[in-house]
Amino acid sequence: MATLASVFSKGTRLGKRVKYLCWHGGKYCSSVATPKITTHYTVHPRENDPRWKEVDMERFGDEADVLIVGGGPAGLSAACKLKLLANEQGKDLRVCLVEKAAEIGGHTLSGACIEPRSLEELFPNWREMGAPLKTEVKEDKFSYLTEKARIPIPVLPGMPMSNHGNYIVRLGNVVRWLGEQAEALGVEIYPGYAASEVLFHEDGSVKGIATNDVGIHKDGSPKETFERGMELHAKVTIFSEGCHGHLAKQLYKKFDLRKDCEPQTYGIGFKELWEIDPALHQPGKVEHTIGWPFDNNTYGGTFLYHLDEGPLIVVGIVVGLDYKNPYLSPFREFQRFKHHPSIEPLFRTGKRIGYGARALNEGGVQSIPKLTFPGGCLIGCSPGFMNVPKIKGTHNAMKSGMLAAESVFDLVTDEEKVSQSPTAGLEPVKYEENLKNSWLWKELHSVRNVRPSFNTSLGTVGGVIYTGLFYWIMRGKEPWTLHHGGPDNAKLKPAKECKVIDYPRPDGVVSFDLLTSVALTGTNHDHDQPAHLTLMDDSVPVNHNLAIYDGPEQRFCPAGVYEYVELEDGSGKRLQINAQNCIHCKTCDIKDPSQNINWVCPQGGEGPAYNGM
């Protein structure tokens, strides 16, 4: 009888089908390894491929003073702040920003109920400037749900769920507006350009980035239309890729940025946009819940916001990715939640017009890495500044971008500092110091123990009690810091130790199937290109994930990218990757129990086409 170790020791050779035995469903079953799934050059280098021997690989380059990777709230706030400082002081500063979405805001998805604090600091007259913050919060509700009932929890001043003075927004529209302000200030913005590679000077400091090559067949060979990406160099490169950025992952390893912090822990957030009956619409109303549909040991919560834009509401759910049962489907938990009797009437006569999902950081100060390195720094949701109990990160992301911009500006405009730099790429060391002396750090430090307090044997109930005692009363002044207990991918239990979850079928009115939902994202990828969901070893999904965890990637992916399908000869299953469905949430890269999936950027301009999500 074969063991998992013996299967791995045999390996899988490209172009061969290797039979093996795997443990699945309480018994060993025969299967066949697929010959080759991953064809991306990051796994199969082109210098070893004869099909690329005669291809011209020269890249053209350009140079800026500061380069920003990612056009979300943090990146655009940094860009705006840099140009505001330059214009105020009469400095000539070239700031370039690249964004992988086809248009600014096209990949942005958030609840979102935001605090305007950072926006006030960046643009004190934002109201007169026409910022799209249209719906001020008028009513707060917080509840604990059972399957059939709702138990109100008072929202007192100072509680994390108190939203007095905040605004319900469609964050994609806010990001688009920030992009307009950045361009007006003189920032050069390049949407549709995906940063695919970090470039380094000979001394090891960051030099800039390279954008994607285009014109590559699915099998990894060059098309006649192949074009090399271009290089963008800068004195300082600011990485603002959002949660679990694929370039940030490389920087963590290169500069050992995570050596003094805990592993990041994540959640996956889902959101739908609905038109509802005007008679049921209450603009400015905010509702949050905990409890059902989750059990007491699964971290999660829901939100429902009434926008003051037609009879529109947004509804969503956040599920902690440290859940243990591989049969849990975050998407189907979301669909089930909408049938709760306290909210189902909103949807019965409504129409769903938007859907999306993305991962979000939940680690807090325990999980923030070193933020600077020779040649650049990390800002926003890339390192992770979300206030978890508030379910808010936009104001902190923006503040981190502004603080980084101030430090970078002081550095690149000081000729003496530039000349004394020990590396060709400049390191804005003052940024991290300034951030830790700011209100942002104070805020995150005060809530540092809230998220890990839900990981005790008391589960959700224990977390709520802890939050009430030590955050609301003591404001996080307890002399200890709780730990997260390891990375999310290590939390799954083997399938044989867990109960299969029987989810209700979607009714097509309130709840929906996955592919119908994905169609609303507008996601699109050229089918004839190497899949950007790469596998470090093509044999691992069937040999390990399916054999031990019953293929959890087909349940935690919110877009139907991963499927286990029967082999034609009936001897087992193989993994099929539907890369065209991907909505760039990064959940697979985070939750994969074998850490065999590596998400990389597809061609620029591809992915979801969110409209004000």
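About the criteria used
Residues numbered from 1 in each chain as written. Predicted model: local features only at pLDDT ≥ 70, side-chain atom pairs only at ≥ 80, totals over all residues. Heavy atoms only, no water. Axes fitted to C-alpha atoms, helices over the stretch in contact; angles between N-to-C directions. Helix = DSSP H or I, 4+ residues; strand = E, 2+ residues; numbered from the N terminus. Left-handed = near helix turned anticlockwise from the far one by under 90°. Contact = heavy atoms within 4.5 Å. Nonpolar A, V, L, I, M, F, W, Y, C, P; charged D, E, K, R; others polar. Expected span 1.5 Å × (residues − 1). Buried < 20%, exposed > 50% of the residue type's maximum accessible area, 1.4 Å probe, protein only. Phe/Tyr/Trp six-rings, centres within 6.5 Å; stacked < 30°, edge-to-face > 60°. Lys NZ or Arg CZ within 6 Å of the ring centre and 35° of its normal. Pairing = 2+ DSSP bridges. Salt bridge = Lys/Arg side-chain N within 4 Å of Asp/Glu carboxyl O. 1 Å grid on protein atoms, 1.4 Å probe; cavity = no way out; pocket = protein on both sides within 12 Å on 5 of 7 lines; lining within 4 Å. Points joined across faces, edges and corners; volume = space filled by probe spheres on them.

**Q** Can you walk me through the packing of helix α2 (residues 73-89) against helix α8 (residues 394-412) in this structure?
**A** For any two helices packed against each other, one specifies the inter-axial angle together with the distance between the axes. Between α2 and α8, the least distance of the axes is 7 Å, while the angle of their chain directions is 40 degrees. The hand of the α2/α8 crossing is right-handed. Two secondary-structure elements touch here, α2 through P73, A74, S77, A78, K81, L82, L85, A86 and Q89 and α8 through T394, A397, M398, S400, G401, M402, A405, E406, V408 and F409. Broken down by class, the residue content of the contact of α2 with α8 amounts to 12 nonpolar, five polar and two charged.

**Q** Is there a simple way to think about α8 in this case?
**A** Two residues of an α-helix separated by three or four positions point the same way, owing to the 3.6 residues in each turn. The end-to-end C-alpha separation of α8 is 27 Å, in line with the 27 Å expected for 19 residues at 1.5 Å each. Burial analysis of α8 places 17 of its 19 residues in the buried class, the great majority of the element.

**Q** Looking at this model, I keep getting lost on the packing of aromatic side chains. Mind explaining?
**A** The geometry of an aromatic ring pair is captured by two quantities: the separation of the ring centres and the angle between the planes. One pass over the structure, following the stated rule, counts 17 aromatic pairs. Ring geometry for F239 versus F373: centroids 6.1 Å apart, planes at 45 degrees, classification tilted. Here F239, found in strand β15 (residues 231-239), pairs with F373, found in strand β21 (residues 372-373); they are 134 residues apart in sequence, far enough to count as distant. Residue F239 shares its accessibility class with F373, and that shared class is buried. Counting every residue linked through ring pairs, the aromatic cluster contains F200, F239, F255 and F373. Directly above the ring of W439 sits R117, whose terminal nitrogen or CZ lies 4.0 Å from the centroid. R352 extends its terminal NZ or CZ atom over the ring of F512, reaching a point 3.9 Å from the ring centre.

**Q** Just checking my understanding: could you explain the pairing of strand β16 (residues 266-275) for this structure?
**A** When you tally the buried positions in β16, you get nine out of 10 residues, the bulk of the element. With 10 bridges connecting them, β16 and strand β20 (residues 351-361) associate as antiparallel partners. Within β20, the residue paired with E275 across the bridge is K351. Of the strand pairs in this sheet, β16 and strand β19 (residues 312-320) are connected by nine bridges, and their pairing is antiparallel.

**Q** What is the right way to read the side chain of S221 from this model?
**A** Examined against the element boundaries, S221 turns out to sit in the loop between β13 (214-216) and β14 (222-227). Setting aside residues no more than four positions away along its own chain, S221 makes contact with R51, W52 and I216.

**Q** Quick question: what am I supposed to make of the pattern of salt bridges here?
**A** When the charged atoms of two side chains lie near each other, side chains of opposite charge can form a pair. Summed over the entire model, instances satisfying the criterion amount to 30 salt bridges. For D62, the salt bridge is made with R94, and the minimal N-O distance between the two is 3.0 Å. Note that D62 is positioned in strand β3 (residues 61-69) and R94 in the loop between α2 and β4 (95-99), a separation of 32 residues in sequence. Assessed through its relative accessible area of 24%, R94 is described here as partly exposed. Across the pair E433 and K430 runs a salt bridge whose closest N-O atoms are separated by 3.5 Å. In this pair, E433 and K430 both sit in helix α10 (residues 430-436), three residues apart, roughly one turn of the helix. A relative accessible area of 46% places K430 in the partly exposed class.

**Q** Even after reading the chapter, I still don't get the layout of surface pockets, so can you show me in this structure?
**A** Empty space among the atoms becomes apparent when a probe as large as a water molecule is rolled across them. The computed volume of the largest pocket comes to approximately 880 Å³. Lining the largest pocket are 32 residues, and of these H246, K249, Q250, K253 and N598 lie nearest its centre. Contributing elements (two or more residues each) for the lining of the largest pocket: β11 (195-200), α5 (246-255), α16 (587-591) and β26 (597-599). When residues in the lining of the largest pocket are grouped by element, the largest group, five residues, is from α5. Of the residues belonging to the lining of the largest pocket, the class tally is 12 nonpolar, 14 polar and six charged.

**Q** Could you clarify how one ought to interpret empty space enclosed by the protein in this entry?
**A** Enumeration according to the criterion identifies seven cavities of 30 Å³ or more in this entry. Put simply, the second largest cavity is a space of about 90 Å³. Taken together, K218, H525, D526, H527, Q529, P530, A531, H532, I577, A579, Q580 and P602 form the lining of the second largest cavity. Its residues assigned to classes, the lining of the second largest cavity comprises five nonpolar, five polar and two charged.

**Q** Honestly, the sheet that holds strand β5 (residues 113-114) in this entry has me stumped. Any pointers?
**A** Strand order in this open sheet of three strands is β5-β9-β6, and the pairing throughout is antiparallel. With partners counted over all chains shown, the strands left at the sheet margins are β5 and β6 (135-136), one partner each. As judged from the two bridges shared by β5 and strand β9 (residues 167-168), these two strands associate in the antiparallel manner. Of the residues in β9, the one forming a bridge with C113 is I168.

Structural measurements only, silent on function.
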